[in-house]
Amino acid sequence: MWWRGAPSRRVVSAAAPAPRALSATAASRIASRADHGPLLNVPPVIATKRGIEHTWADGGGTLSIGGACSEAFSGAALAKILRSGHDYEAAALAALEDDAPAPALVQHTSAALPAQYDAFVAELETHLPAYVRGGDDWCVSLQVEGASAVMAAVELLLHAQQARGEAGRVGVAVADRSYHGPPSTSLGVPAGALDVAAAGIKPAQLVYPAPHIFRDPGSDVRAAWDAWFDEHGPTLGCVVVEPQWGSSCAAAPWDPVLLEEFVARARAAGALVVADEIMCGLGRHGQGPLFLTDAWGIEADCLTFGKAVAGGVFPMAGAVLTGGTKALRAGGKKLGQSHTYAAASPRALLAATATLREVPAWRDNVVAAGAAPGPGLD
């Protein structure tokens, strides 16, 4: 969360019934992680939110900062981001009630694109690194959530390998502590071992040694890289890095010097690089640009974004191929990682466009918020 409002008493709108706790029957039907608990471990039901203050339907509550980086705005700032989408949906509802042609509330993108896509792409371009804008050879795959965006990024880069005559380069590598989505169906190496059921459906992946906070400080990561690239380099298609780790490494960032070196080694071995910035993107790293690799001067072949990009209200994520789009188009490549709701929501696109326009105004606030807990953590 970038900022917070003052605590308040619970207020429930008179226009809607007050939320209530789940019935025993409904609770018995839930199969979810419930904060990584066992199946049928039932989470509380949210009633109201104000900043970091969450009130449960049973009267309890908690303070929650950021929601795994899925939220950035609250209060009047969030209302500002959502306003255009609210007005758009109100116009659509009025037309529907009159049985008249209505603005599309959703559009399966195999048939057409929402009109709001154009403004989003234009706004996104203003935040892309200079090497991407200058090359004018980029494209973006929009997805509903981050794990799909990472898979889209990987697919784009494996297509790019084929386009440059490297069809045998199909290996996909992730760090030995990493999180790129739900551990059973996504790339990444979680902190704990997966059980047989979860491991059975996990995508194939290679695992490289990374300089994370859990690595033995006495070990030589560069020597480990030498051995790893010697073994896997000839068939390596792409590597996925998290410039700032998520939950797998307690949000710790890479050392920028080491990350630059690792990216250079990967490229020298013939691999392409995905910078998964879903956790640290949107400028929440406090170092200026939207993407942390941009702030560090590191070039990636694909950049991912997600989480709070649509205001934290609508699910949305994406992967930007930073170069090579014309070659893929010339080769007739198609992206398999697409589905009914990819880029399908006008309201999500409106919120994302507004979020990207709003982010620069809060950069100083992000820096201040990041510095605030320093004395207590030192």
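Counting restarts for each chain, with residues numbered from 1 along the sequence as it is written. Given that this is a predicted model, residues contribute local features only at a pLDDT of at least 70 and side-chain atom pairs are listed and counted only at 80 or more, while totals for whole chains, interfaces and linings are drawn from all residues. Only hydrogens and water are set aside when side-chain values are computed; all heavy atoms of the structure are taken into account.

## Details of the overall build of the protein chain
Here is step 1 of the chain: Think of it this way: any DSSP run of H or I at least four residues long counts as a helix, any run of E at least two long counts as a strand, and we number them from the N terminus. A count of helical and extended segments in the protein chain gives 13 helices and twelve strands.
Here is step 2 of the chain: For a compact globule the rule gives 2.2 Å times the number of residues to the power 0.38, and the radius of gyration it is set against comes from C-alpha atoms. Over its C-alpha atoms the protein chain spans a radius of gyration of 22 Å, differing by no more than 12% from the 21 Å that the globule rule assigns to 378 residues.
Here is step 3 of the chain: For the protein chain, the spread of C-alpha atoms along the three principal axes comes to 65 × 50 × 45 Å.
Here is step 4 of the chain: Categorising residues by exposure relies on relative accessible area from a 1.4 Å probe, with only protein chains included: less than 20% of the type maximum marks a residue as buried, more than 50% marks it as exposed, and the intermediate range marks it as partly exposed. Across the 378 residues in the protein chain, those meeting the buried criterion constitute 44%.

## A short note on the environment of Arg329
Here is step 1 of the chain: Here Arg329 lies in helix α10 (residues 325-330).
Here is step 2 of the chain: The exposure class assigned to Arg329 is exposed, which follows from its relative accessible area of 62%.
Here is step 3 of the chain: When the C-alpha positions of Arg329 and Ala369 are compared, they lie 43 Å apart, and in sequence the two are 40 residues distant.

## Remarks on helix α11 (residues 346-358)
Here is step 1 of the chain: Helices are assigned an expected span. That span is 1.5 Å times one less than the residue count. Relative to the 18 Å expected for 13 residues at 1.5 Å per residue, α11 spans 18 Å between its end C-alpha atoms, a close match to the ideal helical length.
Here is step 2 of the chain: Buried residues dominate α11, accounting for eleven of its 13 residues.
Here is step 3 of the chain: Within the sequence span of α11, burial applies to Pro346, Arg347, Ala348, Leu349, Ala351, Ala352, Thr353, Ala354, Thr355, Leu356 and Glu358.
Here is step 4 of the chain: On its buried face, α11 is in contact with α2 (75-97), α3 (117-127) and β4 (139-143). We call two residues in contact whenever any of their non-hydrogen atoms come within 4.5 Å of each other.

## A few points about the sheet that holds strand β1 (residues 46-50)
Here is step 1 of the chain: A pair of strands is labelled paired if DSSP reports no fewer than 2 bridges between them. Read across the open sheet, the three strands follow the order β1-β2-β3; overall the sheet is antiparallel. One side of each edge strand has no neighbouring strand; the edge strands of this open sheet are β1 and β3 (61-63). Each strand axis lies, on average, 15° off the axis of its neighbour in the sheet, ignoring direction.
Here is step 2 of the chain: Where strand β2 (residues 53-56) lies against β3, three bridges are found, and the strand directions are antiparallel. Note on definitions: angles span 0 to 180 degrees between N-to-C directions of axes, and those axes are lines fitted to C-alpha atoms, for helices only across the stretch in contact.

## A look at the layout of surface pockets
Here is step 1 of the chain: In the cavity and pocket records, a cavity denotes points on a 1 Å grid over the protein atoms alone where a 1.4 Å probe fits but cannot get out, a pocket denotes an open set with protein on both sides within 12 Å along at least 5 of 7 lines, and lining residues are residues with an atom within 4 Å of a point. Grid points are joined across faces, edges and corners, and a volume is the space filled by probe spheres set on the points. A volume near 550 Å³ is recorded for the second largest pocket.
Here is step 2 of the chain: Contributing to the lining of the second largest pocket are 22 residues, with Tyr117, Cys139, Val140, Ser141 and Leu335 lying nearest its centre.
Here is step 3 of the chain: When residues of the lining of the second largest pocket are traced back to their parent elements, those giving at least two are β4, α5 (146-163) and α10.
Here is step 4 of the chain: Of the residues forming the lining of the second largest pocket, the biggest block, five residues, is contributed by β4.
Here is step 5 of the chain: Grouping the amino acids of the lining of the second largest pocket by side-chain chemistry returns ten nonpolar, nine polar and three charged. In the scheme used here, Gly and all other residues not listed as nonpolar or charged are polar, with Ala, Val, Leu, Ile, Met, Phe, Trp, Tyr, Cys and Pro taken as nonpolar and Asp, Glu, Lys and Arg as charged.

## Concerning the confidence of the model for the protein chain
Here is step 1 of the chain: pLDDT is defined as a per-residue confidence score from the predictor, taking values between 0 and 100. Of all residues in the protein chain, 91% have pLDDT values of 70 or greater, and the mean over the chain is 88.
Here is step 2 of the chain: Residue range residues 1-14 is modelled with pLDDT below 50. Its contacts to residues more than four positions away, or to other chains, number 41 contacts.

## With respect to empty space enclosed by the protein
Over the atoms rolls a probe the size of a water molecule, and in doing so it shows where empty space is left.
Here is step 1 of the chain: Across all of its chains, the model carries one cavity of 30 Å³ or more by this definition.
Here is step 2 of the chain: Considered as a void within the structure, the largest cavity measures approximately 90 Å³ in volume.
Here is step 3 of the chain: Lining of the largest cavity is provided by 15 residues; of these, Gly281, Leu282, Phe305, Gly306 and Val309 occupy positions nearest its centre.

## Here we look at the environment of Asn365
Here is step 1 of the chain: With respect to the helices and strands, Asn365 occurs in helix α12 (residues 363-371).
Here is step 2 of the chain: Asn365 sits 307 residues away from Asp58 along the chain, and the two C-alpha atoms are 34 Å apart.

## What about the pattern of salt bridges?
Any two side chains of opposite charge can pair, on the condition that their charged atoms come close.
Here is step 1 of the chain: Think of a salt bridge as a Lys or Arg side-chain nitrogen and an Asp or Glu carboxyl oxygen that are within 4 Å of each other. Across all of its chains, the model carries ten salt bridges by this definition.
Here is step 2 of the chain: Close ionic contact of Lys80 with Glu358 constitutes a salt bridge, the shortest N to O distance being 3.1 Å. In this pair, Lys80 is assigned in helix α2 and Glu358 in helix α11, connecting sequence segments 278 residues apart.
Here is step 3 of the chain: Exposure remark for Lys80: the relative accessible area of 55% places this residue in the exposed category.
Here is step 4 of the chain: For Asp301, the salt bridge goes to Arg267, with nearest N and O atoms at 3.2 Å. Here Arg267 lies in helix α8 (residues 256-268) and Asp301 lies in the loop between α9 (292-296) and β11 (302-305), a separation of 34 residues in the sequence.
Here is step 5 of the chain: On the accessibility criterion, Asp301 (15% relative accessible area) is buried.
Here is step 6 of the chain: Among the charged side chains, a network of salt bridges with common partners joins Arg222, Asp226, Glu261 and Arg265.

## Some remarks on the packing of helix α7 (residues 221-232) against α8
Here is step 1 of the chain: The interhelical angle for the contact between α7 and α8, taken along N-to-C directions, is 15°, at an axis separation of 11 Å. One element, α7, and the other, α8, form an angle in the roughly parallel class. Relative to α8, the crossing made by α7 is right-handed. Residues Arg222, Trp225, Asp226 and Phe229 of α7 pack against Leu258, Glu261, Phe262, Arg265 and Ala266 of α8. These descriptions rest on fixed angle ranges, namely under 35 degrees for roughly parallel, over 145 for roughly antiparallel, 65 to 115 for roughly perpendicular, and the rest for oblique. Handedness of each helix crossing follows the sense of rotation of the near helix against the far helix: counterclockwise by less than a right angle gives left-handed, clockwise gives right-handed.

## Structural notes on unusual backbone geometry
Here is step 1 of the chain: Its identity is not glycine, yet Asp99 carries a phi of approximately 55°, on the positive side.
Here is step 2 of the chain: Within the secondary structure, Asp99 sits in the loop between α2 and α3.
Here is step 3 of the chain: Residue classification places Asp99 among the exposed residues on the basis of a relative accessible area of 71%.
Here is step 4 of the chain: Located in the positive-phi region is Asp136, a residue other than glycine, with phi close to 50°.
Here is step 5 of the chain: Its place among the elements puts Asp136 in the loop between α4 (130-135) and β4.
Here is step 6 of the chain: Judged by its relative accessible area of 51%, Asp136 is exposed.

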